[in-house]
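Below, each chain spelled out in residue letters.
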Amino acid sequence: MPRVKTEDLKEGMVVAKDVKNIDDMLLLPAKCQLAGRQISILKAWGVAEIDVEASDLIENQDPLARLSPEVVAQLTAGVKARFWQADESNPVFAEIFKLMLWRQARKEPKV
Amino acid sequence: MKPPSIEQLLNGIPSSLGSCGAVLREIEAELRSPQCSLSTVGAAIEKDPDLTSRLLRLGNSPFYGYTSRLTSVAEAISLIGIQRVQDLLQASSIIERFSGVEEKYVNMQSFWRHSLACGIAARVVAMELRLPKPDKFFVAGLLHDVGRLVLLGQSPDAAQQVFVLYNSRRMLLREAEMKVLGFDHQQIGGALLRHWKYPVALVGAVASHHHPAMAEVGRQEASVVHFCDYLVNAMQIGCSGEQYAPPLSMKVWEGLHLPLETVSSIVGAVDDQIDAVLAAFLRH
């Protein structure tokens, strides 16, 4: 299930897991569909990101979400093979690698 | 067999540019003249229908992002600017010059796709960093691997030795060049551009794009190209023979001060522009 930053949330997305604040107070329950008000609540409480159900709405956020683990593993290996050095602890490499993986994943046919 | 020296490789290459050379010289002469105007420069370009169509294709492509359609060369020059037009024509003439190179090891379409993608990325990075004359960065990116073409064109035997070694085990193509020739495509490219009397910053950028710290001049251009070469290799847009994204120097990356979050828009810009730019520069 994809994790989406609060600023990237869109109306119509469905919350995948209960969202609680640091005092364990329930802000949004799982299965709740987001509307403007729900997104405002998350922003008001300073929630940085939440888990949502996979859907077409999040295609722009994480195109890996709609692919099977086997396909993701295959794409990951393919993208990694392009690099002479793959230092995953390096944040610059990690970001570029993610961009390349997502770019490749967007080219995959829809399942 | 003894591999050729850089001088021997350059011996067979005339010190002037190809068919566009005449037009470029005419533009330069036009620019020095007190009667110079957009229409006289435009007329010089319009003598070559091929150049004219390239310029209009490029002017109307997402590379410049103009919404209205450019229909005349004078219009294109007034929007794009004469300096940029000169840079682009020069780049275009170099692509044309190498059109007959043996394609056994490197497909030319793919080579220029890689090179143009690197140029587009370099131009976008320069604009992001608010560096002056981003089109200069485009040309540096476009020409960064031109040394490979000199080797392929002037000494197919030495090129073959390089590729045989390269394909025999995991190594960078540049390492194979060093082992076989004692120098690499950066040095050949730098020497070629010096031979053609190109600006020193461009020579420095091409001659040091794998280790920009060694560039005496053009270090900034070399650094931008260093990063963009890495990025477009990672994107696998075209190929100049090298199949890996070469090592990215963290020192160079930090020296660029490019915010990491802008990389995503650079990748997007390259994807958006590459097909139109390729169509503008390559006839086929």
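Residues numbered from 1 in each chain as written. Chains lettered and ligands numbered in written order. Predicted model: local features only at pLDDT ≥ 70, side-chain atom pairs only at ≥ 80, totals over all residues.

**Student:** Lay out the overall build of chain A with the relevant residues and their values.
**Tutor:** Helix and strand content of chain A: 3 helices and 4 strands. Mapped in sequence order, the helices and strands of chain A form the string β-β-β-α-β-α-α. Projected onto its principal axes, the C-alpha positions of chain A cover 45 × 30 × 20 Å. Looking at the 111 residues of chain A, the share that counts as buried comes to 21%. Across chain A, every contact between residues at least 6 apart in sequence was considered, and the portion connecting residues at least 24 apart equals 60%. (Helix = DSSP H or I, 4+ residues; strand = E, 2+ residues; numbered from the N terminus. Buried ≥ 20, exposed ≤ 12 C-beta atoms within 10 Å, placed from the backbone. Contact = placed C-beta atoms within 7 Å.)

**Student:** Which residues make up the overall build of chain B, and what are the values?
**Tutor:** Of regular secondary structure, chain B possesses 16 helices and 0 strands. Relative to the globule expectation of 19 Å for 284 residues, the C-alpha radius of gyration of chain B, 18 Å, shows essentially globular dimensions. Seen through its C-alpha atoms, chain B measures out along the principal axes to roughly 55 × 45 × 35 Å. Per-residue burial for chain B yields a buried fraction of 46% across its 284 residues. (Rg over C-alpha atoms; globule rule 2.2 N^0.38 Å.)

**Student:** I'd love a proper account of the domain arrangement of chain A, names of residues and values included.
**Tutor:** When the parts come together, some accessible area is lost, and that loss is often what is quoted as the size of the interface. Splitting chain A by domain gives domain 1 (3–58) and domain 2 (69–107). Centre-to-centre separation of domain 1 of chain A and domain 2 of chain A, based on C-alpha positions: 28 Å. (Domains from an automatic or database assignment.)

**Student:** Describe the packing of helix 2 (residues 69–80) of chain A against helix 3 (residues 91–107) of chain A, with residues and values.
**Tutor:** Residues and elements named next belong to chain A. At a minimum axis separation of 10 Å, helix 2 and helix 3 run at an interaxial angle of 125 degrees. Overall, the two elements helix 2 and helix 3 adopt an arrangement that is oblique. Here the hand of the crossing between helix 2 and helix 3 comes out right-handed. Contacts between helix 2 and helix 3 involve Leu-75, Thr-76 and Val-79 from the first element and Phe-97, Met-100, Leu-101, Gln-104 and Ala-105 from the second. Across the contact of helix 2 with helix 3, the residue classes tally to 6 nonpolar, 2 polar and no charged. (Axes fitted to C-alpha atoms, helices over the stretch in contact; angles between N-to-C directions. Parallel < 35°, antiparallel > 145°, perpendicular 65-115°, else oblique. Left-handed = near helix turned anticlockwise from the far one by under 90°. Nonpolar A, V, L, I, M, F, W, Y, C, P; charged D, E, K, R; others polar.)

**Student:** Please set out helix 4 (residues 49–59) of chain B residue by residue, giving values where relevant.
**Tutor:** Among all positions of helix 4 of chain B, only Leu-51, Arg-54, Leu-55, Leu-58 and Gly-59 of chain B are buried. The arc that holds the buried residues of helix 4 of chain B, viewed along the axis, is 130 degrees, so those residues lie on one side. (Arc of directions from axis to C-beta.)

**Student:** A description of the interface of chain B and chain A should follow, citing residues and the corresponding values.
**Tutor:** Taken together, the 15 residues of chain B in the interface contact 10 residues of chain A. Every element with two or more residues in the side of chain B that touches chain A is listed here: helix 14 (219–235) and helix 16 (263–281) of chain B. In terms of residue count, helix 14 of chain B provides more of the side of chain B that touches chain A than any other element does, 4 residues in total. Among the residues making up the side of chain B that touches chain A, the classes are represented as 12 nonpolar, 3 polar and no charged.

**Student:** So what's going on with the environment of Leu-151 of chain B? Which residues, and what values?
**Tutor:** Residues and elements named next belong to chain B. Along the chain, the position of Leu-151 falls in helix 9 (residues 146–154). Sequence-wise, Leu-151 and Glu-177 are 26 residues apart; in three dimensions their C-alpha atoms are separated by 9.8 Å. Discounting chain neighbours no more than four positions away, the residues touching Leu-151 are Leu-9, Ala-158, Ala-159, His-185 and Ile-188.

**Student:** So, helix 10 (residues 156–168) of chain B: which residues are in play, and what are the values?
**Tutor:** Residue and element names in this part refer to chain B. When the terminal C-alpha atoms of helix 10 are compared, their 18 Å separation across 13 residues agrees well with the 18 Å that a helix rising 1.5 Å per residue should span. Along helix 10, the positions that sit buried rather than exposed are Ala-158, Ala-159, Val-162 and Tyr-166. The buried side chains of helix 10 occupy one side of the element, clustering within an arc of 100 degrees when seen end-on. Residues of helix 10 that are exposed and angled more than 90 degrees away from the buried face: Asp-157, Val-164, Asn-167 and Ser-168. Elements in contact with the buried residues of helix 10: helix 9 and helix 11 (173–181). (Expected span 1.5 Å × (residues − 1).)

**Student:** An account of the nonpolar core is requested, with residue identities and associated values reported.
**Tutor:** Formed by 97 residues in total, the largest nonpolar core has its most connected members in Ile-120, Ala-121, Ala-122, Cys-228, Leu-231 and Val-270 of chain B. Tallying contributions element by element places helix 7 (residues 108–128) of chain B first for this core, with 11 residues. Leave out the neighbours within four places in its chain, and Cys-228 of chain B touches Cys-118, Ala-121, Ala-122, Val-125 and Gly-141 of chain B. Counting 10 residues, the second-largest nonpolar core is a separate cluster that includes Val-15, Val-19, Leu-28 and Leu-34 of chain A. (Core = buried A, V, L, I, M, F, W, Y, C linked by C-beta atoms within 7 Å.)

**Student:** Quick rundown of the environment of Ala-121 of chain B? Include the residues and the values.
**Tutor:** All names here are of chain B. Mapped onto the elements, Ala-121 comes out in helix 7. As a C-alpha pair, Ala-121 and Arg-169 span 48 residues in sequence and 30 Å in three-dimensional space. Ignoring sequence-local partners within four residues, the contact set of Ala-121 consists of Gly-141, Cys-228, Leu-231, Val-232, Ile-266 and Val-270.

**Student:** Go over the packing of helix 3 (residues 38–46) of chain B against helix 5 (residues 73–80) of chain B, please, and point to the residues and values.
**Tutor:** All names here are of chain B. Direction vectors running N to C along helix 3 and helix 5 enclose 120 degrees, while the axes themselves pass 8 Å from each other. By the criterion of interaxial angle, the relationship of helix 3 to helix 5 is oblique. As for the relative orientation of helix 3 and helix 5, their crossing is right-handed in sense. Residue-level contacts link Leu-38, Ser-39, Val-41, Gly-42, Ile-45 and Glu-46 of helix 3 to Val-73, Ala-74, Ile-77 and Ser-78 of helix 5. When its residues are assigned to classes, the contact of helix 3 with helix 5 shows 6 nonpolar, 3 polar and 1 charged.

**Student:** So, unusual backbone geometry: which residues are in play, and what are the values?
**Tutor:** Positive phi, normally seen in glycine, also occurs at Lys-31 of chain A, with a value near 75 degrees. Tracing the sequence through the fold places Lys-31 of chain A in the loop between strand 3 (26–28) and helix 1 (36–44). The class for Lys-31 of chain A is exposed, based on 11 C-beta atoms found within 10 Å. For Lys-133 of chain B, which is not glycine, the phi torsion reads 50 degrees and is therefore positive. Assignment of secondary structure puts Lys-133 of chain B in the loop between helix 7 and helix 8 (134–143). Given 16 C-beta atoms within a 10 Å radius, Lys-133 of chain B is considered partly exposed.

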